[in-house]
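Chain and residue survey
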Amino acid sequence: MKRDIRPLVALATYAARPDLVEDDLPLASALKERGMDCHAVPWDDTDFAWKDCDGVIIRSCWDYHLRPDQFLEWVNRLETLRVPLWNPPPLIRWNARKNYLRELESRGIAVVPTTWIARGASESLGSCLANAGYDDAVV
């Protein structure tokens, strides 16, 4: 007798908040309604069997910027294992480094006003805000 196996979809999170956030619950519910097993898993969980996934959706990997090389190695590993990433790995790589904002802006697409500071430069956040005339910033 053939066993019925539900597709497994991992919703990638991060270790400090491994469970789904409230905004993710409708997605998890919709996936389950469509017959999929859905689990929240921190992206850097080395004990999780990523190769067994039928798909991985990046949701709240909010610490990837602290370890971008490790995050991109994880993306590469999933790609090597042929685990479908929903978004595609080339898009994730492009988006992981925020230089894509420059590319969008150069093509005439409006982006959030951005102050670019060269690696190794010693400019304070206060001076950046003052020079741009801003009271608040997202770093």
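This is a predicted model, so every value here is computed, not measured. (Residues numbered from 1 in each chain as written. Predicted model: local features only at pLDDT ≥ 70, side-chain atom pairs only at ≥ 80, totals over all residues. Heavy atoms only, no water.)

Within the sequence span of helix α3 (residues 89–96), burial applies to Pro89, Ile92 and Ala96. Seen from one end, α3 has its buried residues packed into an arc of 60°, which puts them on one side. The secondary structure elements touched by the buried residues of α3 are β3 (55–58) and α2 (68–80). (Buried < 20%, exposed > 50% of the residue type's maximum accessible area, 1.4 Å probe, protein only. Helix = DSSP H or I, 4+ residues; strand = E, 2+ residues; numbered from the N terminus. Arc of directions from axis to C-beta. Contact = heavy atoms within 4.5 Å.)

Moving on to the packing of α2 against α3. One can describe the packing of α2 onto α3 by two numbers: an axis separation of 10 Å at closest approach and a directional angle of 175°. The orientation of α2 with respect to α3, classified from their angle, is roughly antiparallel. Contact with α2, carried on its side by Phe71, Leu72, Val75, Asn76 and Glu79, involves Pro89, Ile92, Arg93 and Ala96 of α3 and no other residues of that element. (Axes fitted to C-alpha atoms, helices over the stretch in contact; angles between N-to-C directions. Parallel < 35°, antiparallel > 145°, perpendicular 65-115°, else oblique.)

Read from one edge to the other, the open sheet built from three strands follows the order β2-β1-β3, with strand pairing classed as parallel. Both outer strands of the open sheet, β2 (37–42) and β3, are each paired with one neighbouring strand and no more. Across the sheet, the axes of successive neighbouring strands diverge by a mean angle of 25°, strand direction being ignored. (Pairing = 2+ DSSP bridges.)

What follows is about the packing of aromatic side chains. Across all of its chains, the model carries eight aromatic pairs by this definition. Considering the side-chain rings of Tyr64 and Phe71, the 5.0 Å spacing of their centres and the 40° angle between planes classify their relative orientation as tilted. Across the pair, exposure class does not vary: Tyr64 and Phe71 are buried alike. A centroid spacing of 5.0 Å and a plane angle of 50° characterise the contact between Trp94 and Tyr100, whose relative ring orientation is tilted. For Tyr100, a relative accessible area of 16% corresponds to the buried category. Taken together, the ring pairs connect Trp43, Phe48, Trp50, Tyr64, Phe71 and Trp74 into an aromatic cluster. (Phe/Tyr/Trp six-rings, centres within 6.5 Å; stacked < 30°, edge-to-face > 60°.)

Moving on to the state of the cysteines. On inspection of all chains with the given rule, the structure shows zero disulfides. Cys38 carries a free sulfur, and the closest cysteine sulfur to it, the one in Cys53, is 10 Å from it. Given the relative accessible area of 9%, Cys38 is considered buried. (Disulfide = S-S within 2.5 Å.)

Locating Glu123 in the fold gives a position in the loop between α4 (100–106) and α5 (125–132). Those residues in contact with Glu123, other than ones at most four positions away along the chain, are Ile117, Cys128 and Asn131.

With that settled, the discussion passes to the pairing of β2. Judged from the six bridges that link them, strand β1 (residues 8–13) and β2 form a sheet pairing that is parallel. Following the sheet pairing, Ala12 is matched in β2 by Val41.

Once that is clear, we can look at the pattern of salt bridges. As enumerated under the stated definition, the model contains eight salt bridges in all. Close ionic contact of Arg67 with Asp44 constitutes a salt bridge, the shortest N to O distance being 2.9 Å. Of the two residues, Arg67 is situated in the loop between β3 and α2 and Asp44 in the loop between β2 and β3; the sequence distance between them amounts to 23 residues. Looking at Asp44, the relative accessible area reads 22%, which means it is partly exposed. With its nearest N and O atoms 2.9 Å apart, the salt bridge here joins Arg97 to Asp69. (Salt bridge = Lys/Arg side-chain N within 4 Å of Asp/Glu carboxyl O.)

What follows covers unusual backbone geometry. Phi is positive for Arg82, which is not a glycine, with a value near 60°. Judged by its relative accessible area of 74%, Arg82 falls in the exposed class.

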